[in-house]
Amino acid sequence: MAHPDRKKHLFLLSLLLLSLIIPGRVLARGPEVKKLAPGVYAFIGGEGRTNSGIVVTKKGVIVIDTQGPKALALELKQRIRALTGLPVIYVINT
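Read on for a plain summary of the structure. Not measured: the values here are computed from a predicted model.

So, on to the overall build of the chain. Of regular secondary structure, the chain possesses two helices and five strands. Counting from the amino terminus, the chain carries its helices and strands in the arrangement α-β-β-β-β-α-β. The proportion of buried residues among the 94 residues of the chain is 20%. Expressed as a percentage of contacts within the chain between residues at least 6 apart in sequence, the contacts between residues at least 24 apart total 42%. When the accessible surface of the chain is totalled, it reaches about 7,000 Å², and 64% of it is carbon and sulfur.

Have a look at this one:
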């Protein structure tokens, strides 16, 4: 029979491992692009973090918050290219 403290430690270790695995799966889904209105989109990161705005006008694209991590910035760029072939004409970082 296992010692009660050992069971407790194994249980806590299991919870810790799950807390590391589950968010990774949520973030592995990647960011979403949601249409808010005609020409207006939200780039929403995992768990609602790392959000950006995309506004497509007749002249080009306005990007609000370009993302800090390089991988997310490149993902944002790809998502914009999937929406339109127009150039980014303004960047607003808040």
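From this point, the narrative continues.
A few words on the pairing of strand β4 (residues 61-64). Because side chains alternate across β4, one face comprises the buried residues V61 and V63, and the other comprises I62 and I64, none of which is buried. Alignment of β4 against strand β5 (residues 88-92), held across four bridges, turns out to be parallel. Bridge pairing in β5 places V63 opposite V91. Handedness of the β4-helix α2 (residues 70-83)-β5 crossover: right-handed.

So, about unusual backbone geometry. Located in the positive-phi region is D65, a residue other than glycine, with phi close to 70°. Its location among the elements puts D65 in the loop between β4 and α2. You will see that Q67, though not glycine, has its phi angle at about 85°, which is positive. Mapped onto the secondary structure, Q67 falls in the loop between β4 and α2.

Next up on the list: the sheet that holds strand β3 (residues 52-56). Spatially, five strands are ordered β1-β2-β3-β4-β5 in an open sheet, and the strand pairing comes out mixed. Every interior strand has two partners, whereas the edge strands, β1 (32-37) and β5, have only one. Neighbour to neighbour, the strand axes of the sheet diverge by 20° on average, direction disregarded. Packing of α2 onto the sheet brings it into contact with β1, β2 (40-44), β3, β4 and β5, and relative to β2 it is tilted by some 150°.

Relative to β2, β1 runs antiparallel, the two being bridged by five bridges. Across the sheet, K35 pairs through a bridge with Y41, a residue of β2.

What counts, and where the lines are drawn
Residues numbered from 1 in each chain as written. Predicted model: local features only at pLDDT ≥ 70, side-chain atom pairs only at ≥ 80, totals over all residues. Heavy atoms only, no water. Helix = DSSP H or I, 4+ residues; strand = E, 2+ residues; numbered from the N terminus. Buried < 20%, exposed > 50% of the residue type's maximum accessible area, 1.4 Å probe, protein only. Contact = heavy atoms within 4.5 Å. Areas by Shrake-Rupley, 256 points an atom, 1.4 Å probe, with all protein chains shown as cover. Pairing = 2+ DSSP bridges. Right-handed = clockwise from strand over helix to strand, strands pointing away. Axes fitted to C-alpha atoms, helices over the stretch in contact; angles between N-to-C directions.

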